[in-house]
Amino acid sequence: MIAAGLTGFATGFSLILAIGAQNAFVLRQGLARAHVFWLCLLCATSDAILISAGVLGFAAITEAWPALPRVMALAGAAFLFVYGLTRFIAAWRGDYEMVLSGRTLALWPTLATAAAFTWLNPHVYLDTLGLVGAYSTNFPASVDKAAFGAGAVLASYVFFFSLGYGARFLRPVMQSARAWRILDALIGLVMWALAIKLIS
């Protein structure tokens, strides 16, 4: 059971480690020190729901509705494109007085954006429902399968809270509008690259 849990943790952590739209958003909010706890809780709990569904065999739904991945990819690409555009516009304008003074968007708009990054991203479903779900079949015993899923869920909580609160260590280099312009431009590029990848 312990081995299955450790395997689940390693699998979950390795899948979530790659930079993506959700991670970039959490990093940006962590740098701004805005709603970090609730944001990390939302992202990790969303992953926990999807991982649990994957381990329980949710992949059968995509078999019943083959068009679902494509529909999700198009919706996700549209959202990423729009959000990337907002980052480019912010970088072009260079108005970061609100961020530098510690003021950001309210809690609910922040969580709504994070939810969109999570639930409109087909790669999240591929990783959690597909890959984690498929890997869990290597553990026929229900106890081991549950331990594997718990390990993967724990990895999400560890990762997001580490990313959100660990971002503060980068605060010293983020004390100028120029640094935030560079960050937003990079995030915009990541969002557009992911959007193109989704529809290609």
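Description of the structure in this document. Every chain's residues receive numbers from 1 upward, in the order its sequence appears when written. Where local features are concerned, this predicted model is filtered to residues with pLDDT of at least 70; where side-chain atom pairs are given and counted, the filter is 80 or more; whole-chain, interface and lining totals use all residues. As a rule here, side-chain values come from all non-hydrogen atoms in the structure, and water together with hydrogens is ignored.

**Considering the packing of helix α3 (residues 36–55) against helix α7 (residues 107–119)**
In step 1: Contact geometry of α3 with α7 gives a least axis separation of 10 Å together with a crossing angle of 30°. For the element pair α3 / α7, the angle class is roughly parallel. The interaxial crossing formed by α3 with α7 has right-handed handedness. Contact residues: Trp 38, Leu 39, Leu 42, Cys 43, Ser 46, Ile 49 and Leu 50 in α3; Leu 107, Leu 111, Ala 114, Ala 115, Thr 118 and Trp 119 in α7.
In step 2: Each residue is assigned to one class: nonpolar for Ala, Val, Leu, Ile, Met, Phe, Trp, Tyr, Cys and Pro, charged for Asp, Glu, Lys and Arg, and polar for all the others, Gly among them. For the contact of α3 with α7, a count of residues per class yields 11 nonpolar, two polar and no charged. To get an axis, a line is fitted to the C-alpha atoms, and for a helix only the part in contact is used. The angle between two axes follows their N-to-C directions and goes from 0 to 180 degrees. Going along the chain from the N terminus, every DSSP run of H or I of four or more residues is numbered as a helix, and every run of E of two or more is numbered as a strand. Convention used here: angles under 35 degrees read as roughly parallel, angles over 145 as roughly antiparallel, angles from 65 to 115 as roughly perpendicular, and any remaining angle as oblique. By convention, the crossing between two helices is left-handed when the near helix turns anticlockwise from the far helix through less than a right angle, and right-handed when the turn is clockwise. In what follows, a contact means two residues having at least one pair of non-hydrogen atoms within 4.5 Å.

**Looking at a nonpolar patch on the surface**
In step 1: By definition, no residue in a patch forms a salt bridge, and every one has over 30% relative accessible area; like charges are joined within 9 Å, nonpolar side chains (Val, Leu, Ile, Met, Phe, Trp, Tyr) within 5 Å. Per-residue accessibility takes into account occlusion by the displayed protein chains alone, with areas from the Shrake-Rupley method and a 1.4 Å probe. The salt bridge definition used is simple: a Lys or Arg side-chain nitrogen within 4 Å of an Asp or Glu carboxyl oxygen. Together, Phe 81, Val 82, Leu 85 and Ile 89 give the surface a local cluster of nonpolar side chains, amounting to about 330 Å² of exposed area.
In step 2: In this structure, Leu 85 sits in helix α5 (residues 68–93).

**Concerning the pattern of salt bridges**
In step 1: Applying the stated criterion across every chain yields a total of two salt bridges.
In step 2: A salt bridge links Arg 28 to Asp 184, with the shortest nitrogen-to-oxygen separation between them at 2.7 Å. You can see Arg 28 sitting in helix α2 (residues 21–32) and its partner Asp 184 sitting in helix α10 (residues 177–199), a full 156 residues away along the chain. Asp 184 matches Arg 28 in its accessibility class, with the two residues each being buried.
In step 3: Where Asp 184 meets Arg 87, a salt bridge forms, and the shortest distance between an N and an O atom there is 3.0 Å. Taken together, the residues span a long stretch of sequence, with Asp 184 in helix α10 and Arg 87 in helix α5 at a distance of 97 residues. We note that Asp 184, like Arg 87, is buried.
In step 4: Three or more residues joined by partner-sharing salt bridges are found here, namely Arg 28, Arg 87 and Asp 184. Buried, partly exposed and exposed residues are distinguished by accessible area as a fraction of the type maximum, computed with a 1.4 Å probe on protein chains only: under 20%, between the cut-offs, and over 50%, respectively.

**Points about the packing of aromatic side chains**
In step 1: Pairs were defined over the aromatic rings of Phe, Tyr and Trp, the Trp ring being its six-membered one, requiring ring centres within 6.5 Å. Orientation was assigned from the angle between planes: stacked under 30 degrees, edge-to-face over 60, tilted for the rest. Summed over all chains, the structure comprises 11 aromatic pairs.
In step 2: Centre to centre, the rings of Phe 9 and Phe 13 are 5.8 Å apart; their planes meet at 15°, and the pair counts as stacked. With a gap of four residues between them, Phe 9 and Phe 13 both fall in helix α1 (residues 2–16), about one helical turn apart.
In step 3: With relative accessibility at 27%, the residue Phe 9 sits in the partly exposed group.
In step 4: On the accessibility criterion, Phe 13 (26% relative accessible area) is partly exposed.
In step 5: Centre to centre, the rings of Phe 37 and Phe 161 are 5.7 Å apart; their planes meet at 55°, and the pair counts as tilted. Of this pair, Phe 37 sits in helix α3 while Phe 161 sits in helix α9 (residues 142–166), placing them 124 residues apart in sequence.
In step 6: An aromatic cluster of at least three residues, connected via ring pairs, comprises Phe 9, Phe 13, Phe 159 and Phe 160.

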